[in-house]
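# Breakdown of the fold
Listed here are the chains, written in short residue letters.
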Amino acid sequence: MAESFREQCSHPMSSHHHSASYDNPLLAELYDASETETLDVELLQGLIGDSGPLNILECFSGTGRILIPLVTSGHRVTGIEIAPAMAARAVEKIALLEDSARNRATIKVQDVLASNWGAGFDLVVLGANSFYELPSPETQERCIEMARSALRPGGKLFVDNNDYKGGWGRGPFGQERVIFEGAGDDGTYGRWTLENLRFDEAAGVLHMNHRWHTRTSSGEEHFSEYLGSKHPVTASEVSKHLDRHGFHILEFFGDRSGNPHTSDSQRAIFWAQKR
Ligand SMILES: C[S@@+](CC[C@H](N)C(=O)[O-])C[C@H]1O[C@@H](n2cnc3c(N)ncnc32)[C@H](O)[C@@H]1O
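The structure presented is a predicted model; accordingly, all values stated were derived computationally and were not measured.

## Overview of the nonpolar core
Val124, Leu126 and Ala147 are the most contacted members of the largest nonpolar core, which has 60 residues in total. In this structure, this core is formed jointly by two domains, domain 1 (2-18 + 168-230) and domain 2 (35-165 + 232-274), each of which donates at least three residues. Those residues within four positions of Val124 in sequence are excluded, and the remaining contacts are Leu57, Ala147, Ala150, Leu151 and Leu157.

## Here's the deal with the site of the ligand
What surrounds the ligand is a group of 19 residues, the closest being Phe60, Gly62, Arg65, Ile82 and Ala128. Taken together, the residues that form the shell around the ligand break down as 10 nonpolar, 4 polar and 5 charged.

## So, the domain arrangement of the protein
Split into domains, the protein comes out as domain 1 (2-18 + 168-230) and domain 2 (35-165 + 232-274). The centre of domain 1, based on its C-alpha atoms, is set 27 Å off from the matching centre of domain 2. On the domain 2 side, the residues contacting the 8 residues of domain 1 number 7 residues. Within the residue set of the side of domain 1 that touches domain 2, elements represented by two or more residues are β9 (205-215) and β10 (221-230). Of the residues that constitute the side of domain 1 that touches domain 2, the class distribution is 3 nonpolar, 4 polar and 1 charged.

## Structural notes on the confidence of the model for the protein
Here the protein averages 94 in pLDDT, while 94% of its residues score no lower than 70. The low-confidence segment residues 1-12, where pLDDT is below 50, has 12 contacts with residues more than four positions distant or belonging to other chains.

The rules behind the values
Residues numbered from 1 in each chain as written. Predicted model: local features only at pLDDT ≥ 70, side-chain atom pairs only at ≥ 80, totals over all residues. Core = buried A, V, L, I, M, F, W, Y, C linked by C-beta atoms within 7 Å. Buried ≥ 20, exposed ≤ 12 C-beta atoms within 10 Å, placed from the backbone. Domains from an automatic or database assignment. Contact = placed C-beta atoms within 7 Å. Near = placed C-beta within 6 Å. Nonpolar A, V, L, I, M, F, W, Y, C, P; charged D, E, K, R; others polar. Helix = DSSP H or I, 4+ residues; strand = E, 2+ residues; numbered from the N terminus. pLDDT = per-residue confidence, 0-100.

Below you can see the structure in the form of structure tokens.
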């Protein structure tokens, strides 16, 4: 299966220095159609409460699933997003908002690790498994460090990830699973699959092969594939990063309904304050 796919690819296998590339308009469209979760946004809105319009930075902002509701609630929000196709979709949706809301949103297309995030923010959001986009504990910690620089004194940080419990080393490896699949507005079919290749136990890094297949309504096909890697982060790692970079943990949830974190929790959601 893998061999036949490789033969069909128009490019030799490339390597992506982060977990995955979302830079394709159809992929962004399929992402939007399948990622419609609102619980995390409601949890975040509840934590913000009625503290007034805030100046918020959301890193890994994608198509604006979290950013847009924050903007429509009256906050000024800057998003940082590496994939132009994801950013473009967010910009299209922002353009449909009423004038005042539209003017409160800014999207910057850049790698969060490449440069400074700006300063003076009231809140930084690292939501929706942001850390699973990154290849190492060092890059994840770097985000916490950069969040600190971007926040005003007393500013808040929201970090929401799966709480890794181990076991990725047991596989399964060599099995392709579908991440997104479907047809876009123009009838083009797209399918993004992922195959776990190996887990480096010492470094705690999963190496994966991503495959992207499209077929237009007239039957023209395109195949591409690339390698990516990610570090599955634990609650205790995030907790240590927060402590090391001068954050006080105000709340620690184990799910997006706002229940307290326990050793069985599937998620690790931190609401922290810059000391
Ligand atoms: C799973 S999506 C989440 C998007 C959005 N926050 C949401 O909850 O719907 C992750 C996004 O992070 C972006 N991303 C991954 N690595 C990045 C990086 N190093 N810098 C900026 N954005 C990145 C991806 O392009 C993708 O749009």
